[in-house]
Amino acid sequence: MSRVELLSPEGLRIDGRRPAELRKITSTTAVLSQADGSAYLEHGNTKVLAAVYGPREARHRALVLHDRAIINVEFNVAPFSTGERRRRTKNDKRLLEMASFVKQTFEPVVVTTLYARSQIDIYLQIIQHDGGTLQACINAATMALIDAGIAMTDYVCACTAGWVEREAAIDLNHIEESSDTSEVTVAMLPKSGKITLMQMESRLHVDKLEEVLSLAGEGCKQMHVVMDKTIRDRAEDLAAKMAV
Amino acid sequence: MREAEPSTNEREFVLAALKEGARIDGRKFYDFRTLRLSFGSDYGAVEVQLGNTRVLAKVSCEVIRPFPDKPTEGFLTFNTELSPMASSAFEVGRQTDEEVLVSRLIEKAMRRSRALDTEGLCIVAGEKVWSIRVDIHFLDHDGNLVDAACIAAITALLHFRRPDVTVVGEDVTIHTLEQRNPVPLSIHHIPICISFAFFDNGERVLVDPTYLEEQIKEGDMTLTLNVHKEVCAMSKAGGIPMELDQILQCTKIAVVKVTELTALIQEALEADAKKRQVSRK
Amino acid sequence: MPSLISPAERDYILKGVECNIRADGRQRPDYREVILETGVVSQTSGSARVRIAGGTDVLVSVKAEIGPVQVDPETGDGADKGQIICSVECAPSASQQFEGRGADDLNNEITQMMSRILCNNTTSSYTSTAASTTGSSTTASRQSSGPGGINLQKLCIIPGQQCWILYIDALILDYGGNLMDAIFMGTRAAIFDTRIPKTEVQDLGDGQFEFEVLDDAEDTDPVEGREDMPICITLNKIGACHIVDASPLEELCTEARLVVAVNRSGQLCGLQKGQEGGIEPSLLLEMIQFGKTMGQTLIKQLDTKIKAEADADLAKRQRGEPVHKLGFFAQ
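Residues numbered from 1 in each chain as written. Chains lettered and ligands numbered in written order. Predicted model: local features only at pLDDT ≥ 70, side-chain atom pairs only at ≥ 80, totals over all residues. Heavy atoms only, no water.

Account for the interface of chain A and chain B, naming residues and giving values.
The partner chain B presents 35 residues to the 35 residues of chain A that form the contact. Roughly 3300 Å² of surface becomes buried between chain A and chain B when both sides are summed, with 56% attributable to carbon and sulfur atoms. Contact with chain B buries surface across chain A, with K93, M198 and R203 of chain A losing the most and accounting together for 22% of the total. Run the count over chain A and chain B and you get three salt bridges. Residue E230 of chain B is joined to R203 of chain A by a salt bridge in which the shortest nitrogen-to-oxygen separation is 3.3 Å. (Contact = heavy atoms within 4.5 Å. Buried area = accessible area lost by both parts, 1.4 Å probe. Salt bridge = Lys/Arg side-chain N within 4 Å of Asp/Glu carboxyl O.)

Any chance you could break down the UniProt feature "domain: Exoribonuclease phosphorolytic" (unreviewed entry) in chain C for me, citing the residues and the numbers?
UniProt feature "domain: Exoribonuclease phosphorolytic" (unreviewed entry): in the numbering of this structure it lies at residues 31-197 and 228-292 of chain C. In residues 228-292 of chain C, helix accounts for 28% and strand for 40%; the two terminal C-alpha atoms are 14 Å from one another. (UniProt positions renumbered as here; feature names shortened; annotations may be inferred. Helix = DSSP H or I, 4+ residues; strand = E, 2+ residues; numbered from the N terminus.)

A description of the interface of chain A and chain C should follow, citing residues and the corresponding values.
Contact with chain A, which involves 36 residues of that partner, is made by 34 residues of chain C. The junction of chain A with chain C conceals about 3000 Å² of combined surface from both sides, 50% of it contributed by carbon and sulfur atoms. At the junction of chain A and chain C, the tally comes to zero salt bridges. Residue assignment for the side of chain A that touches chain C shows that the elements contributing at least two residues are β1 (25-29), β2 (37-43), β3 (46-57), β4 (70-77) and β5 (118-128) of chain A. Looking at which element gives the most residues to the side of chain A that touches chain C, the answer is β5 of chain A, with six residues. The residue inventory of the side of chain A that touches chain C, partitioned by class, reads 11 nonpolar, 15 polar and 10 charged. (Nonpolar A, V, L, I, M, F, W, Y, C, P; charged D, E, K, R; others polar.)

Residues and numbers for the pattern of salt bridges, please.
Residues and elements named next belong to chain B. Enumeration according to the criterion identifies 38 salt bridges over all chains in this entry. Salt-bridge contacts for E5 lead to R11; the nearest nitrogen and oxygen are separated by 3.9 Å. Across the pair D200 and K19 runs a salt bridge whose closest N-O atoms are separated by 3.9 Å. Of this pair, D200 sits in the loop between β11 (192-199) and β12 (204-207) while K19 sits in helix α1 (residues 8-19), placing them 181 residues apart in sequence. Overall, the relative accessible area of 24% leaves D200 in the partly exposed class. (Buried < 20%, exposed > 50% of the residue type's maximum accessible area, 1.4 Å probe, protein only.)

Just give me the short version of helix α2 (residues 133-147) of chain A, but keep the residues and values in it.
Residue and element names in this part refer to chain A. With 15 residues, α2 extends 21 Å from end C-alpha to end C-alpha; this agrees with the ideal 21 Å at 1.5 Å per step. Of all 15 residues making up α2, 13 are buried, and the element is well covered by its neighbours. The first or second residue beyond α2 is G149, which carries a positive phi of 80 degrees. (Expected span 1.5 Å × (residues − 1).)

Tell me about the sheet that holds β1 of chain A, and please be specific about residues and values.
All names here are of chain A. Strand order across the open sheet formed by five strands is β1-β2-β3-β5-β4, with mixed pairing between neighbours. The strands lining the two open edges of the sheet, one partner per strand, are β1 and β4. Sheet twist, expressed as the mean angle between neighbouring strand axes with direction ignored, is 15 degrees. Two elements, β2 and β3, share seven bridges in a ladder whose sense is antiparallel. Residue pairing for β3: H43 is matched across the bridge by T46. With respect to the sheet, α2 is in contact with β1, β2, β3, β4 and β5, its orientation differing from that of β2 by roughly 150 degrees. (Pairing = 2+ DSSP bridges. Axes fitted to C-alpha atoms, helices over the stretch in contact; angles between N-to-C directions.)

Any chance you could break down the state of the cysteines for me, citing the residues and the numbers?
Each disulfide consists of a covalent bond between the sulfur atoms of two cysteine residues. Inspection of the entire model under this criterion finds zero disulfides over all chains. No disulfide involves C250 of chain B; its sulfur sits 15 Å from the nearest other cysteine sulfur, which is in C193 of chain B. Left without a disulfide partner, C253 of chain C is nearest to the cysteine sulfur of C241 of chain C, which lies 13 Å away. Relative accessible area serves as the criterion here: at 4%, C253 of chain C is assigned to the buried category. (Disulfide = S-S within 2.5 Å.)

I'd love a proper account of the packing of α2 of chain A against helix α4 (residues 206-243) of chain A, names of residues and values included.
All names here are of chain A. Contact pair α2 / α4: the axes reach a minimum separation of 11 Å and the direction vectors enclose 30 degrees. As summarised for this structure, α2 and α4 are arranged roughly parallel, according to the angle between their axes. Both α2 and α4 take part in a crossing whose hand is right-handed. Residues N139, T142, M143, I146 and D147 of α2 pack against M223, M227, T230, I231 and R234 of α4. Residue composition of the contact of α2 with α4, grouped by class: five nonpolar, three polar and two charged. (Parallel < 35°, antiparallel > 145°, perpendicular 65-115°, else oblique. Left-handed = near helix turned anticlockwise from the far one by under 90°.)

In structure tokens form, the structure reads like this:
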């Protein structure tokens, strides 16, 4: 594999962005008719659809908790989402792990004590995969939960960051991910600035960690601004329709 | 089967003790339990005892064909199965959430960080490579399975000796243990996992939680580092949200712990090597 | 998908259908509004998204990949043909019942139906024999084009060795009734949108061939025979009458369901009856005839729209303007 130059001498990345620049993000909510809440997020070329059903009666009586709701997350990757067509089985460990992460990320944020003995389902569908799927899924899930009207203490905004050659950069795309760069996915609550999810799989020196993490925090704040705008626009839209 | 939750009395006792700065088993917040490593008679069999948590790791190897698109890379596979022997909460055949997380953490720590040199496992490019398989069995669950499993896995890999191979043109001879001394695997660095548990709104941070502490914890985090101060993997999923400074504080603690544990592992390996030399004489 | 329907609702729908007024105000042969867009997924050879007002949302993608030729051991057929492999998946976001393994049955049923109609599937089954007895059909699998109309021989690169395999993947994102029609419309649009790269075959002599895929984005072939691809019309029998394009509640009231696959020349390409009720022979013929006429009209309308979109896109590209796909942002 030829060595691709990820960071040009001018400081531009492989797709022309600066290191601290996010990709183009577009999103919309309420795209599905059957789900209680849904959101579609396009993060560069990564396209994710999130659907939320709930709170509703739990499917498995044995898992019901008497004082809070259980959150169930399921991941589905379309076979045409990656460059090569590949069918992922539902029990792929990687997908199960990601689902488990999303579930654990939202458990402290959703006010589950309001919905005792019920189940909240979050279904994530990955339509196109170009790096940063976990962050896109968490962001889409947040918006879908808000669209469903489920009580949450704060937004959950996620962003990836990594060390690309000489500098820390945020929002890595697929090419940067597959080469040997270290990548951290961070999910943050913007109001308090606290971190709910932190995931890293590759090697990074401890001294560089602080810089990468604080840059990821900045990225999350930018994400929050974008997501908030979409939600508020939609809410204004609905309010205008109801006023008529 | 759902595991029994600790009673309110136990929960309050543990939390009250933590507020006063004491842990149930008398350790300080950042102390690991006593680590005992015992090696089997075969190369590559290690049993780790971390307090009451016991994990057994066994390494085996065989020669197979490599993937056509990666002709010079060997295979390294980890097999973890949480059996009901360790805890009644685990069931045979069903993959619980915890099992997925544990096995993925071990894979990330070992495989993704490139601790073992897979290119060095090549015998004949495109035809024969070594496939190393690490089986991890959990014998007793008293908290902190991940750390114990990681230590067991890396120690077993360091301890393991594969048969020596000579390649003369097209001819490949795999020497048995009697003919030639077996060869150790080439391991680049030693990744160690350190798990933290958070209590009291993130104010109290514990290292190496016991089973009881794990059930009561508000949040947790696992950091994998090596002696060269490189973070190989990091995993904090859910639980109580933490500030960035608290996380960086944990990394500093982890660096210290990793140096201690690596020294312990090296000592144990050397002691075992001496024992084997003596017995051979 | 609501899995329960009360007797009152059922009665309401039944009576309504008899009087030619359906629950949402349509008449029996009326179709809901369909929104169609091609080229929504960029990493595929062709893709399309179909939305039926009222909820059904289907995403179909076609990926062309190179693979070994599949030769049928009994007939020796297939050495000079490409392959089409279909797969359908219901996302759990579509409905409560599709969580976990709940969607498996539906997936299998629809995949089988697609394979029978589109691929050169020679397995004989009850339904294909029914098709061959009901009038002119093109289920003869010995033709160079499969019953799906697509010219499989053109998909072959090196006879006996390599061919193009078209993977048609349908993803059902939202359920609002009438899945089969949406999937087939999407498949037709996606195949229209598909571009297969050209290949250059070099004869090294001695039966050895080498081929190279030309990587030119502009110089690609469309799929041969795509105009003859069939679409299907689902007719639901409620009471003594039949309706087209059922909503979920109406689907729960149907006694028998007939899926009629027809191509643009009016030939019947496939027929499948579902549900437990029975259909009288006279009504059956009427339904098939109706399905055929409706299918042909629908194909004409689809083709004009798809062509208009493709022309507009081409004009935009020639002018140098970027082509924006609305995708999910279309309201």
